[in-house]
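Understanding the architecture of this molecule
So you can see what is in the structure, the chains are spelled out below.
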Amino acid sequence: MTMRKILAANFKTNHTRASTRAYVKALDEGMGAMGYEEEVYLFPPATALDRFETANDIRVGAQNAYPTVKGSFTGEIGLEQLEEFGIETVLLGHSERRHLLGESQSFIANKFAWFKERDFRIIYCIGEPLEVREEGDEAVRRYLVEQFEGIDTSYEKLILAYEPVWAIGTGKTATPELIETTHAQIKQLSDAPLLYGGSVKPANIADILAVPGCDGALIGTASWEVESMLSMLSQVKGQK
Ligand code: 13P
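Scope of this entry: the structure provided in the associated data block. It should be emphasised that the depicted structure is a prediction, and the values quoted were computed from it without experimental measurement.

1. Some words on the nonpolar core
If you look at the biggest cluster of nonpolar residues, it comprises 64 residues, and the most contacted ones within it are L7, L27, Y124 and M229. Contacts of L27, omitting those with residues within four sequence positions, involve V40, I58, V226, M229, L230 and L233. Within the second largest apolar cluster, 11 residues are counted, among which are I6, L91, C125 and A161.

Spelled out as structure tokens, the structure:
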């Protein structure tokens, strides 16, 4: 299957409501100017979620949501809050939620099933910490298999993101060889499009997306400045 590359920007805990609005406007204009025709996913913080009118295919998603329509879950947002803005995409399993916020595999799998039931597009993140990587490919494979526990890997609206924990926000990008090997392992477990994430930036995105089995990128730090995001889009434009 040939398809265009998929790029996604994860703002994490960066940007305000006002700066997100300015970013989306600049991104939309930049995409128009370069004739970028593919969809781009954007995950702003929850306070900046909104219904954005854009000429290009910018799909705003939630970085996290609770598996409920509404209710008593202090600090969380549910379906009612997402539907207000027509949000149909959710990021699940991000390593920061797994490791910093303590989300367990079974809780993540519950969320996955709940949002799948409601027909959401799900970008599902997996990735091993450094100590597992140091044990070698087989240990990594076992770790990744566990991160698929309870997950419907054949869900048609699933996009996977392989993000090695040791490469996130550290400037340490995985080598193309390592990405190729690991993506091949993951592709044995699911046919879903598979993004790479972890210190992707304008200077390395072309090499990363040239890796066989890499269908796009999930970008944190280097997506936060719109010029940097546009530079990456321009390098990827039209690439299969
Ligand atoms: P960085 O691009 O900052 O390494 O973050 C990657 C990431 O976690 C995207 O979800």
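2. Quick look at the pattern of salt bridges
Tallied over the entire structure, the rule returns 16 salt bridges. Put simply, K70 and E80 hold a salt bridge, and the shortest N to O gap is 4.0 Å. With a gap of 10 residues between them, K70 in the loop between β3 (58–60) and α2 (79–83) and E80 in helix α2 connect regions that are remote in the sequence. K70 gets classed as exposed once you look at its relative accessible area, which sits at 55%.

3. Quick look at the site of the ligand
The immediate surroundings of the ligand are formed by N10, K12, H94, E163, A167, I168, G169, G198, S199, L218, G220 and T221. Measuring from an oxygen atom of the ligand, one finds a side-chain N or O atom of K12 at 2.8 Å. Between an oxygen atom of the ligand and a main-chain N or O atom of S199, the distance comes to 2.8 Å. The protein chains hide 99% of the 300 Å² of surface that the ligand would expose on its own. Classifying every residue of the shell around the ligand gives 3 nonpolar, 7 polar and 2 charged.

Rules of the game
- Residues numbered from 1 in each chain as written.
- Predicted model: local features only at pLDDT ≥ 70, side-chain atom pairs only at ≥ 80, totals over all residues.
- Heavy atoms only, no water.
- Core = buried A, V, L, I, M, F, W, Y, C linked by side-chain atoms within 4.5 Å.
- Buried < 20%, exposed > 50% of the residue type's maximum accessible area, 1.4 Å probe, protein only.
- Contact = heavy atoms within 4.5 Å.
- Salt bridge = Lys/Arg side-chain N within 4 Å of Asp/Glu carboxyl O.
- Helix = DSSP H or I, 4+ residues; strand = E, 2+ residues; numbered from the N terminus.
- Near = heavy atom within 4 Å.
- Polar contact = N/O pair within 3.5 Å; in protein donor to acceptor, adjacent residues only side chain to side chain.
- Areas by Shrake-Rupley, 256 points an atom, 1.4 Å probe, with all protein chains shown as cover.
- Nonpolar A, V, L, I, M, F, W, Y, C, P; charged D, E, K, R; others polar.

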